[in-house]
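# Architecture and fold: a report
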Amino acid sequence: MMAEQNRCFDRRRALARSDAVLTRMAWSPSGDRLAVPDQAGVVRVVTFPEFVVTAECRIAHNVQLMAEGAPLRPTWSGKPLWTAAWSSDAARLAVAGRDNTVHVFDMSCGDEVLTLVSHIDDVHAIDWSDDDARLISASYDGALKVWDTRDGALVRSIAAHHGRIEDAYWEPGDSYALTGGRDGHIRVWNLDSGESVAQVRAHRGFVIRLIGARSSATVLSSSSDGTVRVWDRRDLRLLHVIEGFTGIPHDLSLSHDERLLAVKDDQRSIRIYRTDTFELVELIDEPAEHHHWYAGARFHPHEPALVTTGDRDRQALLWWYDTRLIDQLSAESSATRYANCRIGLLGNTGVGKTALSNALRGEDFHPTESTHATKVSMLDRSVAEQGDVPVVRETYLWDFAGQPIYRLLQRLDVEDLAAAVLVLDNRNTTDPRAEVREWETLLRAGGTRTPRIVVIARIDRGGLAAPISDLRWEEEICEFAGLIETSAKDGTNIAALRRMILDAVDWAAIPTLTSGVQFQRLRMFVLESEAQGRVLEAVHTLYAAFARHCTRLGIGEPSLEEFRSLLAFLDAEGLVRRLSFGNLVLLDPSLLRSYASMILIAAQRAPAGDGTLREDDVLAPTIPLPSDERVTDPRREQDLLHAAVQEFVGAGVVIREGKDVVLCFPSAVRAPADEDRWADLEPGISLSLTGQRDHVYATLVVALHNSGLFSGRALWASTARFTWPNGHGSWVRVRPDDSGSLWAETRHETAIAGVQRSLFDEMCRAFLGRVAVDGVLVLRTSVVCEACGTAVAEQQVRRRVERGLTWIRCNVCEASVDIAAPWVDRPEPTRTSALETRADHALERDVASVNVELKAKRSLYDVFISYSHEDEESALHLAKKLMERGIRPWVDIWDAYPGKPWLEAVQEQIDSISCAAVLIGESGIGPWQRDEVWYFLQQFFGRRCPVIPVLLEGAVRPRIPSLLENMQWVDFRRTSPDPMDLLVWGITGVRNDGEDHQ
């Protein structure tokens, strides 16, 4: 899931563009004009709301100002301008910059009426008094100067900072000014006396920007230390800290009602926060000129509008926002229920899905590359009444990659879609319906029975050759909900499509979650953390950060158990993904699909065409991965690759084998089969089914491999040979037919006995029945009359079998031909074969073993086992049972280096393991174990990690530290509930039966 972007802010207009970087802009008090200075020494004045540039001129290397079309005389050489400020009546505009001078212009006539010269370094801040009689300027020379604006006389010069001053402002209604400098201090000055009345060491880095909030009597500061801080104006007491920016926050602005705060950083984002809770509500993606601290974001003084610098800070952009935003956010915070849904955007590669997704979310059109994996973004969020109860509703748009290689795992992602948007290529001039058949099959394979909307995209390039009204979509698509033509480039029908999508969602059929305030806070916290670039976090790290967040908001923090329950809620809603190792939480679940797709592509490109990769090469990684889609932290990338391998094994679409573990992806094999050899084989059965070819073929091959019957195999593209112990083989092929269905066919080498043939055919039928859409298999016959060799028509055979008949008369020699077959239309296949059960158990063992083996390769442990050595046998037995569940325990007798001091061995692991289990047997807590227990309590509780007391069979509950006594025990002296399930739940936070603790 991606962070919400531009949910409420809509970019309407580009106001002004410069070849040079723009600096600090300034609205006139009435908001009818905007002054836009830049580093080339040019000032542009843009009118509002007409958006007309009425001031822009450059003569040679000089700066000119133009007011109402009247040119002004050149003032100084074209050195950068850093700042601008309007007088309260907008009659005068002051600008200043690198020439160490403040220039004041009379806007009615265009003359420079004051030239204020006294500073000896760049002037970075200017501001007017309420009555416009005085003006302050602050400079890199460390001085704060007060000027008489009637005659330009210097009233006072204050040595305000030891070093450069970055910002200053005149406090409205008072004779006080605040300054912030590179010494990290904020100082308050009495301008009448020139004395400092208050100061605070505000930041570890430079103070870059200062603004005041009159309604809350607070001061906000941004700094090169990467934080924004909120101070009580009365005593400069720190109230709140906003952290986690990917760049340096260098500009701040408050909305006209002071309910929103805009923060622009020097990387690529403008963040909008609520000022009552300082929660992130919007993320505007606008790349900045790196290390440039003078571009900005400015709210309009009266209207719901924001002007920002974009295009790497070279263009002024105007954004409007919905005035109902704050009320909605307040309603969200107090809502007691939550629901979300997913909209699938499906279509072949190159049909314009990504541009359509951007348009649906209000972004401007720009050419896009083909999407890899699945991209998730928020389409809509609202608060609605459902049974007189407010419900937060979020709609996410899932943009599925169009390349066929990705279908293997997309089947898992299309489950529970609320609606599907099938995008067609406008260049298809033959049979547009055939284009969506594969996607319709994918939806049906995923069990999706939700509305389908067909979109003819990019009609700016021309429509379909056939009139769309002539196409009978209902014959191809179940739950057909409508058809529409669109263009992301010129906006045709984008709003109408958005309405169709939102109207198609049946919210009454989507379960709601009773959330509460803490869930809403955690949900917003996760979105903000993701926006800050955090990808994977350990549960205890995320918990500690959220606890600090709650403290800053003045609300109670949840216990660790409550927090894990909240994470379970988020996981169930698809907003995060808890991994089965490292106690990690993936904040953007779509990243897992991205890395899985990268692995698939690498397997497809294997030099031998055999679809294999060494597991160590995947984890290293030494396989080629697209650089633009990778996370930057190598360890977190390993975590994602680790999780992706587990995902493939759990889905039953990869074979993992060998001492030097190799991953074989049957769907990625590209080597062609020997057609002559295939033609020489003896026929088995032919079955027709509906399904995704790659998924059907891969799961069939893996299931046959796991059956344990075969001594070897050979794989080609869509064709497999399985070797019996006698060295001879049975074959299977899965390929599409002309009708869009799949044709699965078995064949056998001559030496294969009849019982082996029947067994192989029955296994294929059983496994295919489990992956076919609706479980339906249809026998495809090649019945031949033994008397005269004439082939019997397949349709005739099928219709007689449907009537319960077992023979047909040859229409040439009239001989009776046997057509009895047990494989016809099985809508509800059951697991009747012991071989199916064996394959299922083998897959379960593979999932558990890959979990443990991958953790061992990376020296990862799930739980620290503390036990008395009198109970060693019971402890090791328990540890082995945990490994069967895919949980890797740290046990000293297995994992501590011989000769290493005990405390050193324990310390090495405690820092990286997020859970401990204290085992107590018949002997109670041993003397060494007692030291461990105390150490655990100090270390694990300090990191907010669980310590689980476990009573083994025959144990007597001993006296232990009170903190441990208050923990929930796991008691193996009882049989119900299953103590092993409880222990796994305590370690992972996930119930073994699949039901999360709530």
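Residues numbered from 1 in each chain as written. Predicted model: local features only at pLDDT ≥ 70, side-chain atom pairs only at ≥ 80, totals over all residues. Heavy atoms only, no water.

Per an unreviewed UniProt entry, the recorded name for the protein chain is TIR domain-containing protein, and the organism is Actinoallomurus vinaceus.

### Digging into the overall build of the protein chain
Note the following rule: Strands here are runs of E lasting at least two residues and helices are runs of H or I lasting at least four, both read from the DSSP assignment and numbered beginning at the N terminus. Burial here depends on accessible area, computed with a 1.4 Å probe over protein chains only, as a share of the maximum for the residue type. Under 20% is buried, over 50% is exposed, and the range in between is partly exposed. To be clear on the numbers: accessible area is Shrake-Rupley with a 1.4 Å probe, and residue cover counts the displayed protein chains and nothing else.
Tallying secondary structure elements over the protein chain gives 22 helices and 58 strands in all. Counting all 998 residues of the protein chain, 58% fall into the buried class. Put simply, the protein chain shows about 40,400 Å² of open surface, and 48% of that area lies on carbon and sulfur atoms.

### Some words on the packing of helix α2 (residues 353–360) against helix α5 (residues 494–504)
Applicable threshold: Here an angle of 0 to 180 degrees is reported between the N-to-C directions of two axes, which are lines fitted to C-alpha atoms, with helices fitted over the stretch in contact. Angular relationships are summarised with four words: roughly parallel below 35 degrees, roughly antiparallel beyond 145, roughly perpendicular across 65 to 115, and oblique for the angles in between. We call two residues in contact when some of their heavy atoms are within 4.5 Å. Residues are sorted three ways: Asp, Glu, Lys and Arg are charged, Ala, Val, Leu, Ile, Met, Phe, Trp, Tyr, Cys and Pro are nonpolar, and all the rest, Gly among them, are polar.
Packing of α2 against α5 leaves a shortest axis separation of 10 Å and a crossing angle of 85°. Relative to α5, the element α2 is oriented roughly perpendicular. In this structure, α2 uses Leu 356, Ala 359 and Leu 360 to contact α5, whose residues at the interface are Ile 494, Leu 497, Arg 498 and Ile 501. Taken together, the residues of the contact of α2 with α5 sort by class into 6 nonpolar, no polar and 1 charged.

### Details of the sheet that holds strand β14 (residues 123–128)
Selection criterion: Any two strands between which DSSP finds at least two bridges are classified as paired.
Strand order in the open sheet formed by 4 strands is β14-β15-β16-β17, with antiparallel pairing between adjacent strands. For this open sheet the edge positions go to β14 and β17 (154–159), each flanked by a neighbour on one side alone. Strand-to-strand twist in this sheet, taken as the mean axis angle between neighbours without regard to direction, amounts to 15°. Taken together, the 5 bridges between strand β15 (residues 134–139) and strand β16 (residues 143–148) define a ladder with antiparallel strand orientation. Within β16, the position partnered with Ser 137 by the bridge is Lys 145.

### Quick look at α2
Given 3.6 residues per turn, any residue in an α-helix points the same way as the ones three and four places further on. Burial of α2 is extensive: 8 of the 8 residues sit out of reach of the surface. Within the sequence span of α2, burial applies to Lys 353, Thr 354, Ala 355, Leu 356, Ser 357, Asn 358, Ala 359 and Leu 360. Close packing links the buried residues of α2 with β33 (337–346), β34 (374–385), β35 (390–400), β36 (419–424), β37 (452–456) and α5. The positive-phi residue at the C-terminal boundary of α2 is Gly 362, with phi of around 85°.

### Observations concerning the packing of helix α13 (residues 693–706) against helix α14 (residues 754–771)
Put simply, the test is: Crossings are sorted by hand: turned counterclockwise from the far helix by less than a right angle, the near helix makes the crossing left-handed, and turned clockwise it makes it right-handed.
In the contact formed by α13 and α14, the axes pass within 10 Å of each other and the chain directions differ by 135°. Our classification of the angle between α13 and α14 gives oblique. When you trace α13 past α14, the crossing you get is right-handed. Two secondary-structure elements touch here, α13 through His 695, Val 696, Thr 699, Leu 700, Ala 703 and Leu 704 and α14 through Phe 760, Met 763, Cys 764, Phe 767, Leu 768 and Val 771. Its residues assigned to classes, the contact of α13 with α14 comprises 10 nonpolar, 2 polar and no charged.

### Describing the side chain of Ser 487
Tracing the sequence through the fold places Ser 487 in the loop between β38 (480–485) and α5. Given a relative accessible area of 0%, Ser 487 falls into the buried group. In contact with Ser 487, not counting residues within four places along its chain, are Arg 458, Ile 459, Asp 460, Thr 492 and Ile 494.

### Some remarks on the packing of aromatic side chains
Just so we agree on the cut-off: The rule is short: rings of Phe, Tyr and Trp, with Trp giving its six-membered ring, pair when the centres are within 6.5 Å, and they are stacked under 30 degrees, edge-to-face over 60, tilted in between. Note on criteria: charge over ring means Lys NZ or Arg CZ within 6 Å of the ring centre, with the direction from the centre no more than 35 degrees off the ring normal.
Taken as a whole, this structure holds 15 aromatic pairs when the rule is applied. Centroid distance Phe 48 to Trp 320: 5.9 Å. Interplanar angle 35°. Geometry classified as tilted. With Phe 48 in the loop between β4 (43–47) and β5 (53–55) and Trp 320 in strand β32 (residues 315–321), this pair connects stretches of sequence that are 272 residues apart. Classification of Phe 48 as buried rests on a relative accessible area of 11%. Taking relative accessible area as the criterion, Trp 320 reaches 21% and is therefore assigned partly exposed. Centroid distance Phe 525 to Phe 546: 5.4 Å. Interplanar angle 55°. Geometry classified as tilted. Within this pair, whereas Phe 525 is found in helix α6 (residues 516–531), its partner Phe 546 is found in helix α7 (residues 539–553), the two being separated by 21 residues in sequence. Both residues of the pair, Phe 525 and Phe 546, belong to the buried class. Positioned over the ring face of Trp 743 is Arg 735, at 4.5 Å from the centre of the ring.

### Digging into the pattern of salt bridges
Put simply, the rule is: Here, a salt bridge means any side-chain nitrogen of Lys or Arg that lies within 4 Å of a carboxyl oxygen of Asp or Glu.
Applying the stated criterion across every chain yields a total of 42 salt bridges. In this structure, Asp 380 and Arg 498 form a salt bridge, with 3.2 Å as the shortest nitrogen-oxygen distance. Here the residue Asp 380 occupies a position in strand β34, and Arg 498 occupies one in helix α5, the gap between them amounting to 118 residues. Notably, a salt bridge pairs Glu 675 with Arg 733, separated by 2.9 Å at the nearest N-O pair.

### Observations concerning the pairing of strand β56 (residues 916–920)
With 5 of 5 residues buried, β56 is to be regarded as a mostly interior element. The side-chain alternation of β56 yields two buried faces, one formed by Ala 916, Val 918 and Ile 920 and the other by Ala 917 and Leu 919. The pairing of strand β54 (residues 863–866) with β56 spans 3 bridges and is parallel. Bridge pairing in β56 places Phe 864 opposite Ala 916.

### Some remarks on the sheet that holds strand β41 (residues 577–578)
The strand order β40-β42-β41 describes an open sheet built from 3 strands, whose pairing is antiparallel. The open sheet is flanked by β40 (536–538) and β41, the only strands paired with a single partner. Relative to strand β42 (residues 584–586), β40 runs antiparallel, the two being bridged by 3 bridges. When the bridges of β42 are listed, Ala 538 appears paired with Leu 584.

### Quick word on the environment of Asp 276
Here is the rule: Counting of polar contacts relies on pairs of N or O atoms within 3.5 Å, with two restrictions inside protein: one atom must be capable of donating a hydrogen and the other of accepting it, and residues adjacent in sequence are counted only when both atoms are side-chain atoms.
Following the sequence through the fold, Asp 276 ends up in the loop between β28 (269–274) and β29 (280–285). Given the relative accessible area of 53%, Asp 276 is considered exposed. Only 2.8 Å separates the side chain of Asp 276 from the side chain of Arg 274, close enough to count as a polar contact.

### A few points about the environment of Leu 261
If you trace the backbone, Leu 261 turns up in strand β27 (residues 260–265). Excluding residues within four positions of it along the chain, Leu 261 makes contact with Ile 211, Leu 220, Ile 242, Leu 252, Ser 253, Leu 254, Arg 271, Ile 272, Tyr 273, Thr 275, Phe 278 and Phe 299.

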